[in-house]
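Architecture at a glance
Each chain, written out:
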Amino acid sequence: MSNTTTSIAQAGTRTVRFRIKRADGHKKNVRWEEYDVPVTSGSEGSGSANVISCLQHIAANPVTRHGERTTPITYDVGCLEEVCGSCTMLINGHVRQACSCLIDTCAPRDGDVITLEPMTKFPVIRDLWVDRARLFETLKRTSAWVPIDGTYHLGAGPMETPDEQQVRYKLSECMSCGCCLEACPQYLIEEDVENWDSAFVGAAVISQARYFNMHETGASTKKLRLDALSEAGGVSDCGNAQNCVKACPKEIPLTESIAAMGRAVTVHKIKQFFSGQ
Amino acid sequence: MTTTPTFMDRHHFLLRRLHSLTGIVPIGMFLIAHLTTNSTIVWGAINTRAADPLRAADGVVQVGQAGERLARQVGTFQHEVAYINDMPFLVLIEITLWLSIAFHAVFGVMYARSGRSNTRRYAYQGNWRYTAQRWTGYIGLLFIIYHIGTLRWGWTFLQPNNEPWSHAHASSTLAAALRGHEGAWSIGGVFVAILYFTGVTSLIYHFANGVWTAAITWGLTVSEKAQKRWGYVCAGLGFALMGAGWSALAGFLALDYDAARSIEAALHGTPQESIMVQQDATETPHTPTMHITQANTPLTTEGGDN
């Protein structure tokens with residue numbers, strides 16, 4: 001197969017080798033497979049290949065570079081423009097979105113190798129597809145939303161200052177992709193759902209709690225979020241390695257959010273100590 | 001959760017904050033006092049009044065082979081040691097420190113074990129600091145146990161020179177403990193000196209980095225800029241303490257045992273011993289061993305070391 005693709009290679013076309021870690025389930029039948037994929041440089045006018053387009057190429061004809069016929073590789077994908085976070089995986093060992101990983105950038109030369117692995121902090125469903133349910137459960141645990149339900153029309157919310165908007169706009173870009181959790185040495189895989197309530201919530205959720213606490217209407221349930229973040233697995237479980245802010249594809253100031261929530265929880269707990277509420 | 005929350009879970013926040021607090025008060029404050037006190041074995045040289053009790057009528061200091069500089073250094077350090085020993089409620093201060101260290105250590109080990117270092121994959125500076133914070137904690141804990149055991153609780157089996165600690169002879173016994181021998185270094189002494197260097201360096205890093213992370217934990221430094229600025233302050237604190245710790249170590253390792261012994265004896269009123277040590281050093285250079293027994297500090301000096 002690889003011989004065929006190389007022989008028909010035209011100017012500007014090269015072969016990139018994909019090493020992919022596959023599995024039938026979490027820790028089930030884990031194996032590595034290699035595929036050679038022909039790619040055309042973006043400057044040739046046909047658009048840049050990315051990791052997802054290469055996975056689609058493999059799916060069209062799933063044959064390894066040793067000529068072995070296999071099955072299409074399973075992966076999660078949604079928007080294809082780095083705003084949904086579904087296709088997050090380890091690419092050459094670093095966590096990022098596959099859709100925004102351009103082959104011209106990460107494998108510019110003929111014969112370059114790209115390694116794909118599923119995220120390690122979530123259980124694998126199949127191949128590169130992981131189950132990030134814990135992340136969404138944790139958002140629920142910290143009441144990471146604005147309460148707008150009422151028995152009557154609540155009217156328009158209070159005005160927000162431009163300064164607050166500036167901060168909150170950046171925080172709003174979080175897509176719950178899990179890059180910060182994958183890079184965090186304090187966030188570990190937890191398969192037992194029973195433990196999700198006491199395991200570390202991670203940077204994304206702490207930042208979301210800050211996002212909703214800063215919201216004029218969201219602030220009405222501030223106490224719920226601060227209580228949740230002061231419990232086991234809350235903001236004090238952070239070890240300040242600060243990998244999260246480096247790994248975040250949206251460059252959200254996660255370490256600032258952690259410190260801001262550390263401050264909020266400190267004040268909240270001191271008030272609670274003296275007021276008893 | 002279906003199970004009842006454990007004690008640890010119910011008081012999670014309080015325990016975490018107490019862990020952070022004890023690292024600074026009292027442990028960190030004690031570390032600063034301890035290192036600055038010990039560094040007087042070098043910086044005591046600029047303390048012009050330290051040698052006054054040893055000055056003869058003509059204003060010259062001459063105790064054994066020791067001159068003005070050494071008299072100031074040992075004089076200052078001995079004065080500090082005596083000051084600490086005369087503190088009221090010293091035993092309460094000690095108990096508070098031991099309890100704080102025990103609490104910080106037990107919970108620290110537990111918290112450290114809740115993470116998995118990943119510097120291989122994410123080799124960022126901050127990640128290395130995180131990993132180093134945990135390792136220096138482990139090393140520092142073992143070092144503190146050794147340090148208190150040998151110099152406070154009187155363990156002699158881990159002391160190459162088998163000499164128990166004596167407050168009245170703090171300078172000389174510490175020099176002998178670090179070198180493993182009163183005079184030249186022994187093999188065991190090399191290990192003790194390396195252990196001290198590693199232990200002291202680890203603990204200073206652990207403290208300085210701990211002050212930096214505590215500011216984030218408590219929410220004192222929020223913006224990235226503030227964290228960076230505070231980082232420089234903490235690095236400055238760390239380097240200053242490294243300077244104090246390393247100079248103390250170098251000062252004791254280079255200390256002339258017999259000369260320090262004479263100064264201590266002159267300061268703490270055992271003139272007989274001061275004379276005997278001098279005699280030992282000057283008159284019987286080839287006598288293999290000479291035992292001088294004091295009230296409660298058995299002491300061995302060997303001839304020919306000078």
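This text goes with the structure placed above it.
Note that the coordinates shown come from a computational prediction; the quantities given were computed from them, not determined experimentally.

What counts and what doesn't
Residues numbered from 1 in each chain as written. Chains lettered and ligands numbered in written order. Predicted model: local features only at pLDDT ≥ 70, side-chain atom pairs only at ≥ 80, totals over all residues. Helix = DSSP H or I, 4+ residues; strand = E, 2+ residues; numbered from the N terminus. Buried ≥ 20, exposed ≤ 12 C-beta atoms within 10 Å, placed from the backbone. Contact = placed C-beta atoms within 7 Å. Expected span 1.5 Å × (residues − 1). Pairing = 2+ DSSP bridges. Core = buried A, V, L, I, M, F, W, Y, C linked by C-beta atoms within 7 Å. Axes fitted to C-alpha atoms, helices over the stretch in contact; angles between N-to-C directions. Parallel < 35°, antiparallel > 145°, perpendicular 65-115°, else oblique. Left-handed = near helix turned anticlockwise from the far one by under 90°.

**Quick look at the overall build of chain A**
Across its full length, chain A holds 10 helices and seven strands. Along the first, second and third principal axes, the C-alpha atoms of chain A reach 75 × 40 × 40 Å. Each of the 277 residues in chain A was classed as buried or not, and the buried ones make up 41%. For chain A, long-range pairs separated by at least 24 residues make up 66% of all intrachain contacts whose partners lie at least 6 apart in sequence.

**Thoughts on helix α7 (residues 203–214) of chain A**
All names here are of chain A. For α7, spanning 12 residues, the distance from its first C-alpha to its last is 17 Å, which sits close to the expected 16 Å at 1.5 Å a residue. Considered for burial, the residues of α7 that qualify are Ala203, Ala204, Val205, Ile206, Ser207, Gln208, Ala209, Arg210, Tyr211, Phe212 and Asn213. Against the buried residues of α7 lie α4 (133–141), α5 (162–172), α6 (179–183), α8 (222–230), α9 (243–247) and α10 (254–275).

**Details of the pairing of strand β3 (residues 88–91) of chain A**
All names here are of chain A. Here four bridges tie β3 to strand β4 (residues 94–97), and the two strands are oriented antiparallel to one another. Looking at β4, one finds that Ile91 is bridged to His94. When β3 meets strand β5 (residues 113–117), the two strands line up antiparallel, connected through two bridges. Looking across to β5, one finds that Ile91 is bridged to Leu116.

**Describing the nonpolar core**
Cys180, Ile206, Cys244, Ile258 and Met261 of chain A together with Ala71 and Ile263 of chain B are the most contacted members of the largest nonpolar core, which totals 120 residues. When residues in this core are grouped by element, the largest group, 12 residues, is from helix α7 (residues 187–217) of chain B. Filtering out sequence-adjacent residues up to four positions away, Ile206 of chain A remains in contact with Val201, Leu229, Val235, Ser257, Ile258 and Met261 of chain A.

**Considerations on unusual backbone geometry**
Across the junction of Val25 of chain B and Pro26 of chain B, the peptide omega takes the value 5°, indicating a cis bond. Mapped onto the secondary structure, Pro26 of chain B falls in helix α2 (residues 12–43). Phi angles above zero are rare outside glycine, and Ser176 of chain A is one such case at about 55°. Here Ser176 of chain A lies in the loop between α5 and α6. Here Phe89 of chain B, not a glycine, exhibits a phi torsion of approximately 55°, which is positive. Take Phe89 of chain B: there are 9 C-beta atoms within 10 Å of it, and that puts it in the exposed class.

**A look at the packing of helix α5 (residues 125–151) of chain B against α7 of chain B**
All names here are of chain B. Interhelical geometry of α5 versus α7 gives an angle of 130° and a closest axis separation of 8 Å. Relative to α7, the element α5 lies oblique. Handedness of the α5/α7 crossing: left-handed. Along the contact surface, α5 presents Arg129, Ala132, Gln133, Thr136, Gly137, Ile139, Gly140, Phe143, Tyr146 and His147, while α7 presents Leu195, Thr198, Gly199, Ser202, Leu203, Tyr205, His206, Asn209 and Gly210.

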